[in-house]
Protein chains: 2
Amino acid sequence: MDWQQIFAARNERMKASEIRELLKLLEQPDIISFAGGIPDPDLFPAKAFQEAFSAALTPEMQATALQYSVSEGYGPLRDWIVGEMGRLGVPCTRDNILITSGSQQALDYLGKLMLSAGDTALVGWPTYLGALGAFNAYEPRYDRLDPETNRSAADYAEAAGDGRVKFAYMSVDFANPTGKTLDAAMRERVIDLADELDIAVIEDAAYQSLRYEGEALSPVLAREIVRKGDINACRTIYCGSFSKTLAPGLRVGWVCGAQEVISQLVLLKQAADLHSSTINQMAIATVAQAQFDSHVAKIKTAYRARRDAMLAALQTHMPDGVSWTRPEGGMFIWLELPTHLRSADLLAQSLRSERVAFVPGHAFFADGSGTNTMRLSFSRTDEAVIEEGIARLGRLIAAALEA
Amino acid sequence: MDWQQIFAARNERMKASEIRELLKLLEQPDIISFAGGIPDPDLFPAKAFQEAFSAALTPEMQATALQYSVSEGYGPLRDWIVGEMGRLGVPCTRDNILITSGSQQALDYLGKLMLSAGDTALVGWPTYLGALGAFNAYEPRYDRLDPETNRSAADYAEAAGDGRVKFAYMSVDFANPTGKTLDAAMRERVIDLADELDIAVIEDAAYQSLRYEGEALSPVLAREIVRKGDINACRTIYCGSFSKTLAPGLRVGWVCGAQEVISQLVLLKQAADLHSSTINQMAIATVAQAQFDSHVAKIKTAYRARRDAMLAALQTHMPDGVSWTRPEGGMFIWLELPTHLRSADLLAQSLRSERVAFVPGHAFFADGSGTNTMRLSFSRTDEAVIEEGIARLGRLIAAALEA
């Protein structure tokens, strides 16, 4: 039987990522992994979740917790998010919030909502690998979003050819993979550009709560509300997640945006998976209400120390010609090597000799460029191991430069 | 801002269902609802889930339960399903199983996997409303799958026009909405037809475990394996769910099929939501291992009594000219009224005067026909209330017939 005859054309864009396949092999305990961008499980509020799940399963609550529920999401959780968005400068109501199964699902639904085959998505060069994966199913073209250049809206529109530019996607705080934060002026410029192009803005805020230094910058959505007076007049769609703050294994995230967008997303979600897990939404609501701020403060202390350790180790061990970002939060540092070095080759070498893992940077570029870049995550490794891993990596890169 | 300019064309197919909107209004306690096809929450194994979640959140297990996990699904749960599929006559391995967020998500992913715009999906007339909703996002045509006719494969192929027939979708046991079961000869005929057309078969087995009388019929997938020797040579894709047996609120279902299909679905899932909730998969595995059979036996006893009560009440209270199915399991009975009656109008009347809810049948027809049909669910109402509700409904229909 020839399944390729039956699979839809979109599957040609949905190939196994060599990186993800490689990372599956990294479970060996002697590997020092800076690869996955995942939270440290020792920091999960497991006891609080144990109590929250237990409370959801009492005779009074179980009929709600285990039953089907509405596609929009669990009311008390949406209310908590309304409060949190308000604190971020985004006044809104429950009708502006959809609960999704992690913010990855929000990206899938936003692609489904807006992209027809041949439409253009503006994305960073590099950008979040999982965003490209989600959007690919809807067969877009990609163009490079770079608000720091003076490229005109007309030029973006013209480059879209037969399709239409539909949205600009970006992670604004301590972005995956670069760790960079978009400054206030650039946030405003993105709104200008989106207004001129009449497109949506997808603001991926997965790391937003994890700031270790410096002043918080208000979200793009908050800035647009200042200009336009009401979230329902805004084109920015904010994607939040509990995966980096409370726990990813429950798969709970949210979308916050204009009611017209949310109500159409609700229809897409209803058709695609009915709703996100009822009991998980209840447990997240309980834990968030009780200790979101104190828990986030605790994990920030731990991650900040790891970031500092990695920055210090890079300073000590990296040879001349290597540069890196200095993130104010998040989980990632981005390295640029001299252009003749290929980080994918270095990874293969590293796994053989140094036993240090990272993600080669080209996977984050829609055009596969950036072969001399790499992403390092500091979130899951303690300081002493970070020092050792970066020392080994520095040795490997120095040897490659001398070869 | 004109969002309609930005939304992709597929959204024109994703409209709010008048039925679902109506059903949202039915939460009033004085309504007798035969509308939703949902389990009775009093039958949920809440205590077992409480223990299972608690066990997943001990210090030894929490780092797994709360963390990201692989897109394929939790190994021990896939292993349990392998055993269950084996008992159903489907020998397979872990690589033939993908865990999804309910079988609704399986339908979405299968549409995404196979349907390009203009391709044809063969479906029952009527069929599961949620399958039409899931597939609509991929802009198919629908054609009527009716294995009881002698319609030729060539005729199906020709009717597909510029597109291609991609799959036949059907619920074979106590189908939603009709309650009907496809007999053995018809199951074999569907395989013949699929072989001739070179298409996939989607076997929706959401209600498969809920048989109250008669001999179980082996799944279409099991029959195809008998013919072809190996699941990996089969075109049937089986969709299972824990929503009707253990609990829907956890959103756990599965797909069982050829490895080539499963591995592509894994890529689609990775891009769409990374994976289903880790902790929920663990809890389902624990409860299924401990008490799947005994729990299913318990709920079957309860639902069987309700089916019997509804059939008896229909016999007593329905006027001449109304006919209905006699399901051997599941949750639904399907009524056909004289053709001049419109069940949607009856629902509006019923909610005003009799306070009984049901689902008008036209929602289950891809072409909106079947306006004289209705779906009644007996799963959530106890026997005395069923008798009262059917008495009221019989009165309403009798009055409409006399009018």
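Residues numbered from 1 in each chain as written. Chains lettered and ligands numbered in written order. Predicted model: local features only at pLDDT ≥ 70, side-chain atom pairs only at ≥ 80, totals over all residues.

### Let's talk about the overall build of chain A
Note the threshold: By the criteria applied, helices consist of DSSP H or I runs no shorter than four residues and strands consist of E runs no shorter than two, each listed in order from the N terminus. In this description the radius of gyration comes from C-alpha coordinates, and the expected globular size is given by 2.2 Å times residues to the power 0.38. Counting other C-beta atoms within 10 Å of its own, a residue is labelled buried from 20 upward, exposed at 12 or fewer, and partly exposed in the gap between, with every C-beta atom placed from the backbone. Contact between residues is assigned whenever the C-beta positions, reconstructed from backbone atoms, fall within 7 Å.
Assigned secondary structure in chain A consists of 13 helices and 13 strands. At 21 Å, chain A has a C-alpha radius of gyration in line with the 22 Å of a compact globule built from 403 residues. Taken along its principal axes, the extent of the C-alpha atoms in chain A is 65 × 60 × 55 Å. Within chain A, the fraction of its 403 residues that count as buried is 55%. Contacts in chain A between residues far apart in sequence, at least 24 positions, make up 77% of those at least 6 positions apart.

### Some remarks on the interface of chain A and chain B
This is how it is decided: In this classification, the charged set is Asp, Glu, Lys and Arg, the nonpolar set is Ala, Val, Leu, Ile, Met, Phe, Trp, Tyr, Cys and Pro, and all remaining amino acids, among them Gly, are polar.
Counting residues at the interface gives 65 residues for chain A and 65 residues for chain B. Taken together, the elements giving at least two residues each to the side of chain A that touches chain B come down to α2 (46-56), α3 (62-65), α5 (102-114), α6 (129-136), α10 (259-273) and α11 (278-317) of chain A. Among the elements that make up the side of chain A that touches chain B, the one with the highest residue count is α10 of chain A (nine residues). A per-class count over the side of chain A that touches chain B returns 37 nonpolar, 20 polar and eight charged.

### Some details on the relation of the copies chain A and chain B
There are two copies of the chain, and a rotation about an axis plus a shift along that axis relates them. The cut-off we apply is this: Only residues with pLDDT of at least 70 in both copies contribute their C-alpha atoms to the least-squares superposition of the copies.
In the superposition of chain A on chain B (RMSD 0.0 Å, axial shift 0.0 Å), the rotation amounts to 180°. Within this description, the copies of the chain are treated as partners about a two-fold rotation axis. Comparing contact sets, 98% of the residues at the interface of chain A also lie at the interface in chain B, consistent with an isologous, same-surface contact.

### Side note on the packing of α10 of chain A against helix α6 (residues 129-136) of chain B
For clarity, the threshold we go by: Where helices are involved, their axes are fitted lines through C-alpha atoms of the stretch in contact, as for all axes, and angles between N-to-C directions lie from 0 to 180°. Working definition: roughly parallel below 35 degrees, roughly antiparallel above 145 degrees, roughly perpendicular at 65 to 115 degrees, and oblique for all remaining angles. Here a crossing is taken to be left-handed if its near helix is turned anticlockwise relative to the far helix by less than a right angle, and right-handed if that turn runs clockwise.
At a closest axis distance of 8 Å, the pairing of α10 of chain A and α6 of chain B adopts a crossing angle of 120°. Taken together, α10 of chain A and α6 of chain B sit at an angle that is classed as oblique. Crossing hand, α10 of chain A versus α6 of chain B: left-handed. Contacts from Q270, A271 and A272 of chain A in α10 of chain A reach G133, A134 and N136 of chain B in α6 of chain B.

### Regarding the environment of L77 of chain B
Residue and element names in this part refer to chain B. In this structure, L77 sits in helix α4 (residues 75-87). The buried category is assigned to L77, around which 25 C-beta atoms lie within 10 Å. Between the alpha carbons of L77 and R392 there is a distance of 45 Å; along the sequence they are 315 residues apart. Look past the residues within four positions of L77 in its chain and what remains in contact with it is I99, Q281, I284 and A285.

### Digging into the domain arrangement of chain A
All names here are of chain A. Applied cut-off: Domains are outlined according to an automatic or database domain assignment.
When its domains are assigned, chain A resolves into domain 1 (3-44 + 294-402) and domain 2 (46-291). Using only C-alpha atoms to locate each centre, domain 1 and domain 2 end up separated by 25 Å. Taken residue by residue, the interface counts 30 residues in domain 1 and 32 residues in domain 2. Among the secondary structure elements, those contributing two or more residues to the side of domain 1 that touches domain 2 are α11 and β10 (332-336).

### Description of the sheet that holds strand β7 (residues 236-241) of chain A
Residues and elements named next belong to chain A. The condition is simple: One requirement defines pairing of two strands: DSSP has to find at least two bridges between them.
Taken in spatial order, the seven strands of this open sheet run β2-β8-β7-β6-β5-β3-β4, and their pairing is mixed. This sheet does not close on itself; its edge strands, each paired only once, are β2 (97-100) and β4 (141-144). Adjacent strand axes in the sheet meet at a mean angle of 25° when their direction is disregarded. Sheet topology note: the strand β5 (residues 165-171)/strand β6 (residues 200-204) ladder contains five bridges and is parallel. The residue of β6 that forms the bridge with S171 is D204. Lying on the sheet, helix α4 (residues 75-87) is in contact with β2 and β8 (253-256); it crosses β2 at an angle near 120°.

### Description of the nonpolar core
Spelled out, the test is: Each nonpolar core consists of buried Ala, Val, Leu, Ile, Met, Phe, Trp, Tyr and Cys residues. Their C-beta atoms, within 7 Å, join them into a set.
Of all hydrophobic cores here, the largest spans 258 residues; its most connected members are A168, A283 and I284 of chain A together with F167, A168, A283 and I284 of chain B. Those residues in contact with F167 of chain B, other than ones at most four positions away along the chain, are M114, A121, L122, I199, A200, V201 and I202 of chain B.

### Side note on the pairing of β6 of chain A
All names here are of chain A. Quick note on the threshold: Note on handedness: a clockwise path from strand one over the helix to strand two, with the strands aimed away from the viewer, defines a right-handed crossover.
Within β6, five of the five residues are buried, which leaves it mostly tucked inside the rest of the structure. Burial along β6 is two-sided: the residues A200, I202 and D204 and V201 and E203 are all buried. After leaving β5, the chain enters helix α8 (residues 184-197) and then returns to the sheet as β6, a path that is right-handed. With four bridges joining them, β6 and β7 adopt parallel strand pairing. Among the inter-strand pairings, D204 is bridged to a residue of β7, identified as C239. Between the parallel elements β6 and β7, the chain passes through helix α9 (residues 220-228) in a crossover that is right-handed.

### Thoughts on helix α9 (residues 220-228) of chain B
All buried positions along α9 of chain B are accounted for by V220, L221, A222, R223, E224 and I225 of chain B. Packing partners of the buried residues in α9 of chain B comprise α8 (184-197), β6 (200-204), β7 (236-241) and β8 (253-256) of chain B.

### Observations regarding unusual backbone geometry
Residue and element names in this part refer to chain A. In this model, W125 is joined to P126 through a cis peptide bond whose omega is 10°. Note that P126 resides in the loop between β3 (120-123) and α6. With a phi angle near 55°, E139 is a residue other than glycine that sits in the positive phi range. Considering the arrangement of structural elements, one finds E139 in the loop between α6 and β4. Among the residues examined, E139 registers 18 C-beta atoms within 10 Å and is labelled partly exposed.

### Topic: the sheet that holds strand β13 (residues 373-377) of chain B
The pairing of strands in a sheet comes from backbone hydrogen bonds and takes either a parallel or an antiparallel form. All names here are of chain B. Strand order in the open sheet formed by four strands is β9-β10-β13-β12, with antiparallel pairing between adjacent strands. Looking along the sheet, the strands with just one partner apiece sit at the ends: β9 (323-324) and β12 (359-360). Strand direction decides the pairing type here: β9 and strand β10 (residues 332-336), joined by two bridges, are antiparallel. From the neighbouring strand, W324 faces β10, where its bridge partner is L335.

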